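# Overview (structure and organization)
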Amino acid sequence: MRLVTHPGWRKPHPPSGGFVHSPPRLRAVTLKRMKQVRSLGYGLALSALVVVQIPVALVSILGVLVSTVLGMVFLLEPSVRLIRFMAGIDRHLMRRWVGVEIPTPYRPKPPALVRARDGYYHHKGKRYRTATSPHIDRMLAWVITDPATWRELVWIILDPWTRSVLALGPTFVIGWGIWLTLSEGLYWGLALSVAAFFLAPAALKNYGLYALALLGPTANTQLVGQVNRLNQVRADQLDLQAAELRRIERDLHDGAQARMVAVGMTIGAAEQLVDNDPNAAKALLAKARESSATALQELRQLVRGIHPPVLAERGLGDAIRALALDSPLKVKVHADLLERPESPVESAVYFAVSELLTNASRYEASKVTIDISRRGRALRVTVTDDGPGGAKATPGGGLAGIERRLAAFDGVLALSSPPGGGTTATIEVLDALPGDEELEPVNALPKGWRGLVYALCWSLCWLPLFPQGLVATFMLIFQPDERSWFLALYMPPPYQWPTVAFMIALGATMLATGIRLNPTPGKSPGVC
């Protein structure tokens, strides 16, 4: 029973073991505070990893220097793998704790060498008896020419300082403010602690965007990945087309062509019997007519297998309804689609649904539901059956064929098939339907004040981050006589280290702002 409180009433205490539900506003405030606390905890955990990161950075940097200076090239690949291992941990933590998705930026690994017919391995115009030497050479070339290798080397050098400022900074400022309030009697320290508490999620997100700038793929790397994917899709489509042509040739040769040859031979036999035995000739002609009708039916089935006429005339929704009528299962079709996609997309989705219906019939499902809808400009088809479940895509299987067919149109197949719980297959093809919105060019720069901030952040972020932040840190540690133009060295001693921390935070924030305004991000980063 819900209690309604009127003025003058006192809220009763909850009984022992009972609960009183909090109002929605109180729950929202509690969740917001939990986000601050969670951000502080994640920042402490990230800062604790610096204890492991610094020794790994020293070992990997030493390995890179020894391999390049002394010629011990066999140490380069293990050192780079160690750096990539630490970078992989950071990408995982950014995705799980901060909500920033950092794609893997590495170029594709070179394929394994294959022994030639003469029994040797061929590499750069030379022949080798074993694959060890050319394999090392290819792996070194792969590591050295990958821009992600050197960007991660810069990251592992700079990250302990930036992580300490952005991840540990809010917790340190909170403790410092409380100390100033309790020991020095400076009450502005309490305001400083409160501000640091509320800014903790923003600091953690800035660190995630900073990590995205150094650990994420560059535009060139994304272009190389897209070209490789297009090459793979083209090869798959060529294989699929060749297999389809072979199927059509086989069906024509074994079906309609064989029947038409039999019809010709039957008519020839009837010509010889027409004078001597007219009844037998009539029987042969009737048999020839039946064979020609069967051949015509097989040709129609073959045409439906290439591109069904109902699909060309009525569209995807009616074509799938016709497919459902021919199915032995009880199929319900819900189509909420006013526009028609391009003909190749319609054909690919139609045959994908046909394959899913065939699988449902094969595995003893009784009811199937097909839902056709749009999500923005994306075409989505969901096929749900009540079969035994446990379906998965295996190489060479029907589901893998659906994925290959849809990949040519940037389509995906999402499969949910727990054992004993039926199967739900979702087909989604991006940008398959027309839309009213005007698409901007992929590489269009921000305009107006966003463009100004974008240019300032990317052009000036290095100034506070490197010379006024990281270099000034080493100057404060070693205390040289020459102060040069580093701002922190001209500050009073109590404010030198806070100035360095502020400069590092400012540079990382400018870099994170440039990433946020970047016109080609993969995904918009989240918050904690």
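Each remark here, short or long, concerns the structure printed above.
In what follows, the accompanying structure is described. (Residues numbered from 1 in each chain as written. Predicted model: local features only at pLDDT ≥ 70, side-chain atom pairs only at ≥ 80, totals over all residues. Heavy atoms only, no water.)

## Structural notes on the packing of helix H2 (residues 50-69) against helix H3 (residues 76-98)
- In the contact formed by H2 and H3, the axes pass within 8 Å of each other and the chain directions differ by 155°. Overall, the two elements H2 and H3 adopt an arrangement that is roughly antiparallel. Crossing handedness for the pair H2 and H3: left-handed. Where H2 approaches H3, its residues Gln53, Val56, Val59, Ser60, Gly63, Val64 and Ser67 are matched on the opposing element by Leu76, Ser79, Leu82, Ile83 and Met86. (Axes fitted to C-alpha atoms, helices over the stretch in contact; angles between N-to-C directions. Helix = DSSP H or I, 4+ residues; strand = E, 2+ residues; numbered from the N terminus. Parallel < 35°, antiparallel > 145°, perpendicular 65-115°, else oblique. Left-handed = near helix turned anticlockwise from the far one by under 90°. Contact = heavy atoms within 4.5 Å.)

## A short note on the packing of aromatic side chains
- Enumeration according to the criterion identifies four aromatic pairs in this entry.
- Plain terms: the ring middles of Tyr42 and Trp97 are 4.9 Å apart, the flat faces sit at 0° to each other, and that makes the pair stacked. Here Tyr42 is found in helix H1 (residues 24-48), whereas its partner Trp97 is found in helix H3, with 55 residues between them in sequence.
- With a relative accessible area of 18%, Trp97 lands in the buried category.
- Both rings, one in Phe197 and one in Phe198, keep their centres 5.5 Å apart while their planes meet at 85°; by these two values the pair is edge-to-face.
- If you follow Arg84 out to its NZ or CZ, it ends over the ring of Tyr106, 4.0 Å from the centre. (Phe/Tyr/Trp six-rings, centres within 6.5 Å; stacked < 30°, edge-to-face > 60°. Buried < 20%, exposed > 50% of the residue type's maximum accessible area, 1.4 Å probe, protein only. Lys NZ or Arg CZ within 6 Å of the ring centre and 35° of its normal.)

## As for empty space enclosed by the protein
- Counted by the stated rule, this structure contains one cavity of 30 Å³ or more.
- Of the pockets and cavities examined, the largest cavity occupies roughly 30 Å³.
- Surrounding the largest cavity, Val64, Leu76, Val80, Ile83, Thr149, Trp150 and Leu153 form its lining.
- Secondary structure elements with two or more residues in the lining of the largest cavity: H3 and helix H5 (147-166).
- Its residues placed into classes, the lining of the largest cavity shows six nonpolar, one polar and no charged. (1 Å grid on protein atoms, 1.4 Å probe; cavity = no way out; pocket = protein on both sides within 12 Å on 5 of 7 lines; lining within 4 Å. Points joined across faces, edges and corners; volume = space filled by probe spheres on them. Nonpolar A, V, L, I, M, F, W, Y, C, P; charged D, E, K, R; others polar.)

## Here we look at the pairing of strand E5 (residues 378-385)
- Extensive coverage of E5 is indicated by the burial of six of its eight residues.
- Note that strand E4 (residues 367-375) and E5 share eight bridges and pair antiparallel. In the sheet register, Arg374 faces E5, and the bridge partner there is Leu379.
- Linkage of E4 to E5, two consecutive antiparallel strands, is achieved through a turn of two residues, within which Gly376 is found at a positive phi near 70°.
- As judged from the seven bridges shared by E5 and strand E7 (residues 423-429), these two strands associate in the antiparallel manner. Following the sheet pairing, Val383 is matched in E7 by Ala425. (Pairing = 2+ DSSP bridges.)

## A short note on the sheet that holds E5
- Overall, mixed pairing links the five strands, which are arranged E3-E4-E5-E7-E6 in an open sheet. A strand with exactly one partner marks an edge of an open sheet, and here the two such strands are strand E3 (330-335) and strand E6 (411-416). Sheet twist, expressed as the average angle between the axes of neighbouring strands with direction ignored, equals 15°.
- Taken strand by strand, helix H11 (residues 316-326) contacts E3, E4 and E5, and its axis lies near 175° from that of E3.

## Here's the deal with the nonpolar core
- One finds Leu46, Met94, Ile102, Trp155, Ile156 and Tyr210 to be the most contacted residues of the largest nonpolar core, which totals 53 residues.
- Those elements giving two or more residues to this core turn out to be H2, H3, helix H4 (132-144), H5, helix H7 (188-215), helix H15 (462-478) and helix H16 (493-516).
- Domain assignment of the residues forming this core places at least three in each of domain 1 (28-109 + 119-217) and domain 4 (448-523).
- Leu46 has contacts with Leu93, Met94, Trp97, Arg163, Ala167, Leu204 and Tyr207, leaving out every residue within four places of it along the chain. (Core = buried A, V, L, I, M, F, W, Y, C linked by side-chain atoms within 4.5 Å. Domains from an automatic or database assignment.)

## Structural notes on the layout of surface pockets
- The computed volume of the largest pocket comes to approximately 1,400 Å³.
- Along its surface, the largest pocket is lined by 45 residues, and Val165, Trp497, Pro498, Ala501 and Phe502 are the ones closest to its centre.
- Listed by contribution, the elements that provide at least two residues to the lining of the largest pocket are H2, H5, helix H6 (169-184), H7, H15 and H16.
- Take the lining of the largest pocket: its biggest share by element is 12 residues, from H16.
- Its residues assigned to classes, the lining of the largest pocket shows 39 nonpolar, six polar and no charged.
- Both domains that furnish three or more residues to the lining of the largest pocket are identified here as domain 1 (28-109 + 119-217) and domain 4 (448-523).

## Section: the pattern of salt bridges
- In total, this model carries 13 salt bridges according to the counting rule given.
- Here Arg84 ties to Asp146 by a salt bridge, and the two come within 3.4 Å at their closest N and O atoms. Placement of the pair is Arg84 in helix H3 and Asp146 in the loop between H4 and H5, with a sequence separation of 62 residues.
- The exposure class assigned to Arg84 is buried, which follows from its relative accessible area of 13%.
- Close ionic contact of Arg321 with Asp318 constitutes a salt bridge, the shortest N to O distance being 3.0 Å. Taken together, the residues Arg321 and Asp318, both in helix H11 and three residues apart, mark about one turn of the helix.
- Beyond isolated ion pairs, a larger network of salt bridges with shared partners links Asp90, Asp159 and Arg163. (Salt bridge = Lys/Arg side-chain N within 4 Å of Asp/Glu carboxyl O.)

## Things to note about the pairing of E6
- Relative to E7, E6 runs antiparallel, the two sharing six bridges. Its bridge partner lying in E7, Leu413 is registered against Ile427.
- The hairpin turn running from E6 into E7, its antiparallel successor, is six residues long, and Gly420 in that turn takes a positive phi close to 80°.

## A look at unusual backbone geometry
- Look at Asp410: it is not a glycine, yet its phi comes out positive at around 60°.
- Summarising the element assignment, Asp410 is placed in the loop between helix H13 (398-407) and E6.
- For Asp431, which is not glycine, the phi dihedral falls at a positive 55°.
- Of note, Asp431 is situated in the loop between E7 and helix H14 (448-460).
- Since its relative accessible area comes to 55%, Asp431 is described here as exposed.

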